[in-house]
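Here are the chains, one letter per residue:
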Amino acid sequence: MSNLGDEFCDYVSSRTVCSIAISDWRGRPLRGVLYEKIPSPNKSDFKWYALCGLFQTTYFNIAIQISLNQISAGLTSVLTYSMPLFLSLMAHKWIPGEQLTPRKIIGIALGLAGLSLAMNIRLGGSFWTLLLALSSAISWAVANLLFKVKLKHCDSVQYTTWQMTIGAAGLLLYSLIFERGESNWGIMPLAYILFSGIIASALAFVLWNHILSRTEASKASVSLLLVPVVGVISGMVFLHEALRMVTLAGIALVLAGIWIVNWKSAQPSRLASQNVSRSS
């Protein structure tokens, strides 16, 4: 099966089982969730659902798959996961109260530097391929910004389901027009698709959207730098890949960057306590 064909199947499976995957999280009986109809978006919100689906699901996955065929997986990951930087810049401009402070800039830069070390990137590829991989991060950031500004009031399950459904339709259209190849079905391919659709896509996006709606964009997004790091550690555990010192240093920098962005100074709390004591 082609790469984008796989992506389409992933999202179709996530659309089908999205409610089942999060039944425990929503605290409702499984049988009720199985037959529950995901409500349609409000007409005024539908255009934003469509844009998010095209940016976050359709274009994002197409850009990544094409980039992976031209440049290394490590370099693609670093360029794609530069998304927190772009989202933080956009939030500074368009989301009131989410200023991009020097501390956030340092933390994000440190995290990206650590990610570059951890992923052991190999430079190479044409300028246009690098730009395409980078555009996946920008597209992802735009979708998150739209959600944060226009759709934060929406139910996370509803948003995830419809956004991914619209995006999957875009992937199917692209696959039918441009993709060529045979589909080889079996137990393991089906298991991969179900895992990717239920856990890695539907559940992950529901949780991510839930967090993003309640947290500053920069603080939420910088934590996504851990995703490639988890991939590196998984390769060590399950594929017996070597874990070099430079990789450990990179992981440490990623953790430090996340901590710096999310760190809250205790000084305001101390000042508040002192003021209360003086007033009493």
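For the structure itself, look to the data block above.
Figured I'd write up the structure that's included with this text. Quick caveat, the model's predicted, so the values are computed rather than measured. The numbering scheme is per chain: residues are counted from 1 as the chain's sequence reads. Predicted model: local features are reported for residues with pLDDT of at least 70 only, side-chain atom pairs are reported and counted for 80 or more only, and whole-chain, interface and lining totals are derived from all residues. The basis for every side-chain value is the complete set of heavy atoms in the structure, and neither hydrogens nor water enter the calculation.

### A short note on the overall build of the protein
The following threshold applies: Where helices and strands are cited, they refer to DSSP runs of H or I of at least four residues and of E of at least two residues respectively, numbered from the N terminus. Only protein chains enter the area calculation, which uses a 1.4 Å probe; residues under 20% of their type maximum are buried, those over 50% are exposed, and those in between are partly exposed. Residues count as neighbours in contact if any of their non-hydrogen atoms are within 4.5 Å of one another. With residues, only the protein chains shown are counted as cover, and all accessible areas are computed by Shrake-Rupley using a 1.4 Å probe.
Secondary structure assignment for the protein yields 14 helices and zero strands. When the elements of the protein are put in sequence order from the N terminus, they spell out α-α-α-α-α-α-α-α-α-α-α-α-α-α. When each of the 280 residues of the protein is scored for burial, the buried share is 44%. Taking the contacts inside the protein whose residues are at least 6 apart along the sequence as the reference set, 88% of them involve residues at least 24 apart. Here the protein has roughly 15,000 Å² of accessible surface; of this, 66% comes from carbon and sulfur atoms.

### Observations concerning the environment of Asn120
Mapped onto the fold, Asn120 is located in the loop between helix H7 (102–118) and helix H8 (127–150). Judged by its relative accessible area of 42%, Asn120 is partly exposed. Considering only alpha carbons, one finds Asn120 and Val78, 42 residues apart in sequence, at a separation of 9.8 Å.

### A few points about the pattern of salt bridges
Test applied: For salt bridges, the criterion is a side-chain nitrogen of Lys or Arg within 4 Å of an Asp or Glu carboxyl oxygen.
In this structure the tally under the stated criterion is two salt bridges. The salt bridge partner of Lys104 is Glu216, with a shortest N-O separation of 2.5 Å. With Lys104 in helix H7 and Glu216 in the loop between helix H10 (187–212) and helix H11 (217–222), the pair connects residues that are 112 residues apart, well separated along the chain.

### Considerations on unusual backbone geometry
In this model, His240 sits at a positive phi of 55 degrees, which is unusual for a non-glycine residue. Within the secondary structure, His240 is located in the loop between helix H12 (226–238) and helix H13 (245–262). Take His240: its relative accessible area is 71%, and that puts it in the exposed class.

### A short note on the packing of H12 against H13
Heads up, the rule is: Axis lines are fitted to C-alpha atoms, over the contacting stretch for helices. Their N-to-C directions set the angle, which ranges from 0 to 180 degrees. An angle below 35 degrees is treated as roughly parallel, one above 145 as roughly antiparallel, one from 65 to 115 as roughly perpendicular, and anything else as oblique. Each crossing gets its handedness from the near helix: less than a right angle anticlockwise from the far helix is left-handed, clockwise is right-handed. Three classes are used: nonpolar for Ala, Val, Leu, Ile, Met, Phe, Trp, Tyr, Cys and Pro, charged for Asp, Glu, Lys and Arg, and polar for all others, with Gly counted as polar.
Between H12 and H13, the least distance of the axes is 11 Å, while the angle of their chain directions is 150 degrees. Between H12 and H13, the angle falls in the class roughly antiparallel. By crossing handedness, the relation of H12 to H13 is classed as left-handed. Touching Leu226, Val229, Val232 and Ile233 of H12 are Thr247, Ile251, Val254, Leu255 and Ile258, all from H13. Among the residues making up the contact of H12 with H13, the classes are represented as eight nonpolar, one polar and no charged.

### Here's the deal with the environment of Ala141
Its place among the elements puts Ala141 in helix H8. Taking the C-alpha atoms as reference points, Ala141 and Tyr81, 60 residues apart in sequence, are found 9.9 Å from one another. Beyond its immediate sequence surroundings of up to four residues, Ala141 is in contact with Met83, Phe86, Leu87 and Met90.

### Re the state of the cysteines
Note the cut-off: When two cysteine sulfur atoms are found within 2.5 Å, that pair is recorded as a disulfide.
A full pass over the atoms with the stated rule returns zero disulfides. Its sulfur unpaired, Cys52 is 9.3 Å from the next cysteine sulfur, which belongs to Cys154. You can call Cys154 buried: its relative accessible area is 11%.

### Things to note about the side chain of Ser88
One can find Ser88 in helix H6 (residues 83–94). Excluding residues within four positions of it along the chain, Ser88 makes contact with Leu100, Ile108, Ser218 and Ser221.

### Here's the deal with a nonpolar patch on the surface
Filter applied, for reference: By definition, no residue in a patch forms a salt bridge, and every one has over 30% relative accessible area; like charges are joined within 9 Å, nonpolar side chains (Val, Leu, Ile, Met, Phe, Trp, Tyr) within 5 Å.
The grouping of Ile233, Met236, Val237, Phe238, Leu239, Leu243, Met245 and Leu248 at the surface amounts to a nonpolar patch, some 770 Å² of accessible area in total. Elements with a contribution of two residues or more to the nonpolar patch: H12 and H13. Sorting elements by how many residues they give to the nonpolar patch places H12 first, with four residues. Its place among the elements puts Met245 in helix H13.

### Some details on H10
Cut-off, in case you're wondering: Here, expected helix span is obtained from the residue count minus one, scaled by 1.5 Å. Here the bend at a residue means the angle between the axes of two seven-residue stretches, the one that ends at it and the one that starts at it.
Look at H10: 35 Å from first C-alpha to last across 26 residues, which is about the 38 Å you get at 1.5 Å a residue. A bend of about 30 degrees at Ser196 is the largest found in H10. Among all positions in H10, only Ile193, Ser196, Gly197, Ser201, Ala202, Phe205, Val206, Trp208, Asn209 and Leu212 are buried.

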